[in-house]
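These are the residues of each chain, in order.
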Amino acid sequence: MSYFHLESLNRDAYIASIATFQDPESIRFAKQSLAWWDRHFSWNAQGCAVLCDENNEHLCYLFSKIDRYGEYITLYNLFTPAIEQRKGYATHMLRMILDQALEKHVRRITFSSVSASLDFYQLLGFIYWGVNDIGDYYCNIPLPKSGLDGIESMTKESTLEALIGSNLTKINAKIDGNERHLSPAQILVYKADILKLGKSYVRGELKILKDLS
């Protein structure tokens, strides 16, 4: 059985790790993630988590952050280099990261997914309240005590009120009216995405709850 563990990479270690990439798309996304973290967060406070095998090979990367109140874990960039894709590493890494968050008593998980990542997250049971100001799909739900493996049953069996908790205003502020500002090209993608997501896209139900609040 393979043994996996997580390590935290500082900026220099991250740059050295992604320097081994050969695929242009993997290189592009890794550099984009680096630039984004440089703009928004301090590497001195927190680096990039990497999933490693028993030979300490780097398999998958995740930028995430727990807020200062310990309530939320926010996922920013989760990616697997092309040569390691389709092996379940992203799922395994996300499971381990959420288990660590639970040990710190984190109560909720949030992230915004690009269209291309919806299939991955949908298979895990995540739902979306709408789109953010750049058209990415916004998720904000409780983190079940069973971690990643409990997401699907929680979103299927819980009421939307329970999933929202006391966060209706926060969620609505993140997504309210953004679909009206999508470009024509984004609208075409959006219509296809919400058809694919089906019951995992709950924008309409959120509108009803807001009107009733």
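Parameters at a glance
Residues numbered from 1 in each chain as written. Predicted model: local features only at pLDDT ≥ 70, side-chain atom pairs only at ≥ 80, totals over all residues. Heavy atoms only, no water. Helix = DSSP H or I, 4+ residues; strand = E, 2+ residues; numbered from the N terminus. Buried < 20%, exposed > 50% of the residue type's maximum accessible area, 1.4 Å probe, protein only. Contact = heavy atoms within 4.5 Å. Pairing = 2+ DSSP bridges. Axes fitted to C-alpha atoms, helices over the stretch in contact; angles between N-to-C directions. Core = buried A, V, L, I, M, F, W, Y, C linked by side-chain atoms within 4.5 Å. Phe/Tyr/Trp six-rings, centres within 6.5 Å; stacked < 30°, edge-to-face > 60°. Right-handed = clockwise from strand over helix to strand, strands pointing away.

A.B. asks: Tell me about the side chain of Asn-132, residues and numbers included.
C.D. replies: The topology assignment puts Asn-132 in the loop between strand S6 (130–131) and strand S7 (137–142). The exposure class of Asn-132 is buried, given its relative accessible area of 8%. Discounting chain neighbours no more than four positions away, the residues touching Asn-132 are Ser-112, Lys-174, Ile-175 and Asn-178.

A.B. asks: I'd like to hear about the sheet that holds strand S5 (residues 108–113), residue by residue, with values.
C.D. replies: What the seven strands build is an open sheet, ordered S1-S2-S3-S4-S5-S7-S6; its pairing is mixed. This sheet does not close on itself; its edge strands, each paired only once, are strand S1 (5–9) and S6. Pairing between strand S2 (residues 48–52) and strand S3 (residues 58–66): four bridges, direction antiparallel. Along S3, the bridge assignment pairs Leu-51 with Cys-60. Sheet strands touched by helix H7 (residues 168–175): strand S4 (72–79), S5, S6 and S7. Its angle to S7, the strand with the most contacts, is close to 170 degrees.

A.B. asks: Describe the nonpolar core, listing the residues and the values that go with them.
C.D. replies: Core analysis: the largest hydrophobic core is formed by 49 residues, its most contacted members being Met-93, Phe-126, Tyr-128, Trp-129 and Ile-141. The biggest single contributor to this core is helix H3 (residues 89–103), with seven residues. Dropping the residues within four chain positions of it, Met-93 is found in contact with Leu-6, Ala-49, Val-50, Leu-51, Cys-60, Tyr-61, Leu-62 and Leu-78. With 14 residues, the next largest nonpolar core counts Phe-21, Cys-52, Tyr-61 and Phe-63 among its residues.

A.B. asks: An account of the packing of aromatic side chains is requested, with residue identities and associated values reported.
C.D. replies: For the structure shown, the criterion picks out 24 aromatic pairs. Measuring from ring centre to ring centre gives 6.1 Å for Tyr-137 and Tyr-201, while their planes differ by 75 degrees; the resulting arrangement is edge-to-face. Of this pair, Tyr-137 sits in strand S7 while Tyr-201 sits in the loop between helix H8 (184–197) and helix H9 (203–212); the two residues are 64 residues apart in sequence, bridging distant segments of the chain. Residue Tyr-137 is classed as buried on the basis of its relative accessible area of 3%. On the basis of relative accessibility, which here comes to 10%, the residue Tyr-201 falls in the buried class. Three or more aromatic residues link up through ring pairs in this structure, and these residues are Tyr-14, Phe-21, Phe-29, Trp-36, Trp-37, Phe-41, Trp-43, Tyr-61, Phe-63, Tyr-76 and Phe-79.

A.B. asks: Lay out the environment of Arg-107 with the relevant residues and their values.
C.D. replies: In this fold, Arg-107 is placed in the loop between H3 and S5. As a C-alpha pair, Arg-107 and Gly-70 span 37 residues in sequence and 7.8 Å in three-dimensional space.

A.B. asks: Give me the lowdown on the pairing of S4, citing residues and values where you can.
C.D. replies: Taken residue by residue, a regular strand's side chains alternate between the two faces of the sheet. Judged by how many residues are buried, S4 sits mostly within the fold: seven of eight residues are covered. Linking two consecutive strands that pair antiparallel, namely S3 and S4, is a turn of five residues; a positive phi of about 75 degrees is found at Gly-70 within it. The parallel pair S4 and S5, bridged by H3, forms a crossover whose chirality is right-handed.

A.B. asks: Explain the pairing of S5 to me, using residue names and the numbers behind them.
C.D. replies: Where burial is concerned, most of S5 is hidden: five out of the six residues are buried. Judged from the four bridges that link them, S4 and S5 form a sheet pairing that is parallel. Across the sheet, the residue bridging to Ile-73 is Ile-109, located in S5. As judged from the six bridges shared by S5 and S7, these two strands associate in the antiparallel manner. Counterpart to Thr-110 in the pairing with S7 is Asn-140.

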